[in-house]
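Listed below, chain by chain, are the residues.
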Amino acid sequence: MLASVTFWQKPTLLEGAVTMGMLFTLQFVVGNLRKRVPGVTRLVDTRPPLLMDGTEVLAANLRRANMTEADLRAKLREANVTRLEQVRAVVMESTGDVSVLHAPPDAPPIDKSLLAGGGTGLDCESG
């Protein structure tokens, strides 16, 4: 939004302020609707895509998240994963962060409620 204001032919400070004010107002209204009106969250939030289910890389979800396998490997290293067998799930959060859930191979299975998206009760999108 800010970049488009700077590319106008003759942008004025007032036009830029009005545009930014509209953006902040829209964000405020949607944020309050999400808190107060049931069902709005499901309409405006995306379900977090599951990028890995255990050791299986979900290539279609990687493409939708605009990530490469090299990006995914970097996130695994960042999370101190030393063996693929440790990976339980990798999720692209709605904030854009990547969460890597890992444990020793002999640990109990992952609690599926950890894969619920944004408190909506929906599972992560698996494909």
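In this text, all values refer to a predicted model and were calculated from it rather than measured experimentally. (Residues numbered from 1 in each chain as written. Predicted model: local features only at pLDDT ≥ 70, side-chain atom pairs only at ≥ 80, totals over all residues. Heavy atoms only, no water.)

S.K.: For this particular structure, what's the right way to read the environment of Val87?
M.R.: With respect to the secondary-structure elements, Val87 resides in strand β3 (residues 87–92). Owing to a relative accessible area of 3%, Val87 belongs among the buried residues under this scheme. Separated by 31 residues in sequence, Val87 and Glu56 have C-alpha atoms that sit 9.2 Å apart. Apart from the residues lying within four places of it in its own chain, the contact partners of Val87 are Met52, Gly54, Thr55, Leu76, Val81, Leu101 and His102. (Helix = DSSP H or I, 4+ residues; strand = E, 2+ residues; numbered from the N terminus. Buried < 20%, exposed > 50% of the residue type's maximum accessible area, 1.4 Å probe, protein only. Contact = heavy atoms within 4.5 Å.)

S.K.: How should unusual backbone geometry be read in this particular structure?
M.R.: Note: most residues except glycine have negative phi, and most peptide bonds are trans. In this structure, Asn66 is a non-glycine residue whose phi angle is positive, near 55 degrees. Relative to the elements of secondary structure, Asn66 occurs in the loop between α4 (59–64) and α5 (69–78). Of note, the phi angle at Asn80 is positive, near 65 degrees, even though the residue is not glycine.

S.K.: So what exactly am I meant to see when it comes to the pattern of salt bridges here?
M.R.: Opposite charge on two side chains permits pairing when their charged atoms draw close. The final tally for this structure, using the stated rule, is 2 salt bridges. Of the charged contacts, one joins Glu78 and Lys75 as a salt bridge, the two residues approaching to 3.6 Å between their closest N and O atoms. Highlighted residues: Glu78 and Lys75, both in helix α5, separated by 3 residues, approximately one helical turn. Here Glu85 and Arg83 are joined by a salt bridge, their closest N and O atoms 3.3 Å apart. We classify Arg83 as exposed; its relative accessible area is 53%. (Salt bridge = Lys/Arg side-chain N within 4 Å of Asp/Glu carboxyl O.)

S.K.: Before we go on, may I ask you to explain the nonpolar core in this structure?
M.R.: Taken as a class, soluble globular proteins show a tendency for nonpolar side chains to be buried jointly. Within the largest apolar cluster, 13 residues are counted, with the highest numbers of intra-cluster contacts made by Leu51, Met67, Leu72, Leu76, Val90 and Val98. Looking at this core, the elements that each hand over two or more residues are β1 (50–53), α5, β3 and β4 (98–102). The dominant element in this core, judged by the number of residues it contributes, is β3, at 3 residues. In this structure, Val90 is in contact with Pro49, Leu50, Leu51, Met52, Leu72, Leu76, Val98, Ser99 and Val100, ignoring residues within four places of it in sequence. By size, the runner-up hydrophobic cluster in this structure holds 6 residues, among which are Leu58, Ala89, Val91 and Ile110. (Core = buried A, V, L, I, M, F, W, Y, C linked by side-chain atoms within 4.5 Å.)

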